[in-house]
Amino acid sequence: MSRIVKKDFEELVNYIENFNLKSLLNESGYSAHISSYHKKYFSFFVLTTELENSIPEKEYLYLKEANSDLVTNLFHLTTWNYKSCKLLIRSSIECFLKGFALSFIPDINQEKSVYELFDKIKALSYFEKEPFKSEFKNVHNLYKLLCKDVHTAEKVNMADINSLDFFPKYSKRKANQIIDVILKLIPTYCFLLANKYNN
């Protein structure tokens, strides 16, 4: 057994020594994935940065954390950690919703139940009318989609990795799933923030 462990460790060291993402730039669609993500992320980053001194500090801190989750997620996407991407996007959604709703529900940041978080925010008069109702529904639907991986609903939601072979590998299909969520989510973030703080 010790020889097997030693050999596996040597393969791990070799993997780390040779880890290089440059070759991925030649993969069909890879640069486009990263570019699409970056454009959406950067717009949200700029918007929240502009709000820093214009909104209550506690709201800004949650929005900043939602940003942090998304940029960390970008790193995970570039290194093919698709399941952790989905966990980080969920965290970003929770932080965004708390930051967004604090002015309506001052103790919403204390809410531990995600179900209650969504229910309380959905009940706000702000989300009774269109297009805000649809935008909130979009966020909620994306969150539910991401929950499938967290709770490993089916084989398709499993990471499907094994020992050194267990390390993540580039998957155009899985990258597309992440990008699809981001391309729907970040514009909703920006739309809701721009409308709430448009003064």
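Located above this text is the structure these notes cover.
Within each chain, residues carry numbers counting from 1 in the order of the written sequence. The model is predicted, so local features are restricted to residues of pLDDT at least 70 and side-chain atom pairs to those at 80 or more, both for listing and for counting; the totals for chains, interfaces and linings are taken over all residues. The basis for every side-chain value is the complete set of non-hydrogen atoms in the structure, without hydrogens or water.

Explain the overall build of the protein chain to me, and be specific about the residues and the numbers.
Under the scheme used here, helices are H or I runs from DSSP no shorter than 4 residues and strands are E runs no shorter than 2 residues, and both carry numbers assigned from the N terminus. The secondary structure content of the protein chain amounts to seven helices and zero strands. Ordered by position in the sequence, the α and β elements of the protein chain form the string α-α-α-α-α-α-α. C-alpha extents for the protein chain along the principal axes are approximately 65 × 30 × 30 Å. For the exposure calls, accessible area comes from a 1.4 Å probe over protein chains only, and a residue counts as buried if that area is under 20% of its type's maximum, exposed if over 50%, partly exposed in between. Sorting the 199 residues of the protein chain into buried and exposed places 39% on the buried side. Each accessible area is a Shrake-Rupley result for a 1.4 Å probe, and residues are judged covered by the shown protein chains and nothing else. Working note: accessible area of the protein chain is about 11800 Å², and carbon and sulfur atoms make up 56% of it.

How would you explain unusual backbone geometry if you had to name every residue and give the values?
Cis rather than trans, the peptide bond between Glu130 and Pro131 has omega equal to 5°. Even without a glycine there, the phi angle at Trp80 is positive, about 70°. Residue placement: Trp80 occurs in the loop between α3 (57-78) and α4 (82-101).

Hey, could you go over the pattern of salt bridges for me, with residue numbers and the actual values?
Take a side-chain nitrogen of Lys or Arg and a carboxyl oxygen of Asp or Glu: if they are within 4 Å of each other, that pair is a salt bridge. This model, assessed by the stated rule, comprises five salt bridges. Residues Lys7 and Glu11 are paired through a salt bridge, measuring 2.7 Å at the closest nitrogen-oxygen approach. With Lys7 and Glu11 both in helix α1 (residues 2-17) and four residues apart, this pair spans about one turn of that helix. Accessibility expressed as a relative area gives 34% for Glu11, which makes it partly exposed. When the shortest N-O distance is used, the salt bridge between Glu59 and Lys196 registers 3.6 Å. Within this pair, whereas Glu59 is found in helix α3, its partner Lys196 is found in helix α7 (residues 172-196), the two being separated by 137 residues in sequence.

Break down a positive patch on the surface for me, with residues and values.
Here, patches come from residues exposed beyond 30% relative accessible area and free of salt bridges, joined within 9 Å for like charges and within 5 Å for nonpolar side chains (Val, Leu, Ile, Met, Phe, Trp, Tyr). Counting rule applied: Lys, Arg positive; Asp, Glu negative; His and chain ends not counted. The atom standing in for a charge is NZ when the residue is Lys, CZ when it is Arg, CG when it is Asp and CD when it is Glu. Side chains of Lys122, Lys133, Lys137 and Lys144 sit close together on the surface and give a patch of like positive charge. Per-element accounting of the positive patch gives the leading share, three residues, to helix α6 (residues 132-150). Positionally, Lys144 belongs in helix α6.

Mind laying out α3, listing which residues take part and the relevant values?
The end-to-end C-alpha distance of α3 is 32 Å, a good match for the 32 Å that 22 residues give at a rise of 1.5 Å each. Those residues of α3 that sit buried are Glu59, Tyr60, Leu63, Ala66, Asn67, Asp69, Leu70, Asn73, Leu74, Leu77 and Thr78. We call two residues in contact whenever any of their non-hydrogen atoms come within 4.5 Å of each other. Of the surrounding secondary structure, the elements contacted by the buried residues of α3 are α2 (30-51), α4 and α7. Of the residues one or two after α3, Trp80 is the one with positive phi, at around 70°. Multiplying one less than the number of residues by 1.5 Å gives the expected span of a helix.

How would you explain the packing of α4 against helix α5 (residues 114-122) if you had to name every residue and give the values?
Interaxial angles span 0 to 180 degrees and are taken between N-to-C directions of axes, which are lines fitted to C-alpha atoms, for helices over the stretch in contact. In contact at an axis separation of 11 Å, α4 and α5 are set at 40° when each is read in the N-to-C sense. With respect to α5, the element α4 is oriented oblique. For the crossing formed where α4 meets α5, the hand is left-handed. From α4, Ile93, Glu94, Leu97, Lys98 and Ala101 reach across to α5, where they touch Val114, Leu117, Phe118 and Ile121. Among the residues making up the contact of α4 with α5, the classes are represented as seven nonpolar, no polar and two charged. Reported orientations rely on four angle classes, namely roughly parallel under 35 degrees, roughly antiparallel over 145, roughly perpendicular from 65 to 115, and oblique for the rest. The handedness criterion is simple: a crossing whose near helix is rotated anticlockwise from the far helix by less than a right angle is left-handed, and one whose near helix is rotated clockwise is right-handed. Gly falls in the polar group here, along with every residue not listed as nonpolar (Ala, Val, Leu, Ile, Met, Phe, Trp, Tyr, Cys, Pro) or charged (Asp, Glu, Lys, Arg).

I'd like a rundown of the packing of aromatic side chains, residues and numbers included.
Here a Phe, Tyr or Trp ring, Trp counted by its six-membered ring, pairs with any other such ring whose centre lies within 6.5 Å, and the pair is stacked when the planes are under 30 degrees apart, edge-to-face when over 60, and tilted otherwise. Inspection of the entire model under this criterion finds 19 aromatic pairs. On the numbers, 5.8 Å between centres and 25° between planes, the contact of Phe96 with Phe100 is stacked. Of this pair, Phe96 and Phe100 both sit in helix α4, four residues apart, which is roughly one turn of that helix. Both residues of the pair, Phe96 and Phe100, belong to the buried class. Here the aromatic residues Phe44, Phe96, Phe100, Phe104, Phe118, Tyr126, Phe127, Phe132, Phe136, Tyr143, Tyr189 and Phe191 are joined through ring pairs into a cluster of three or more.

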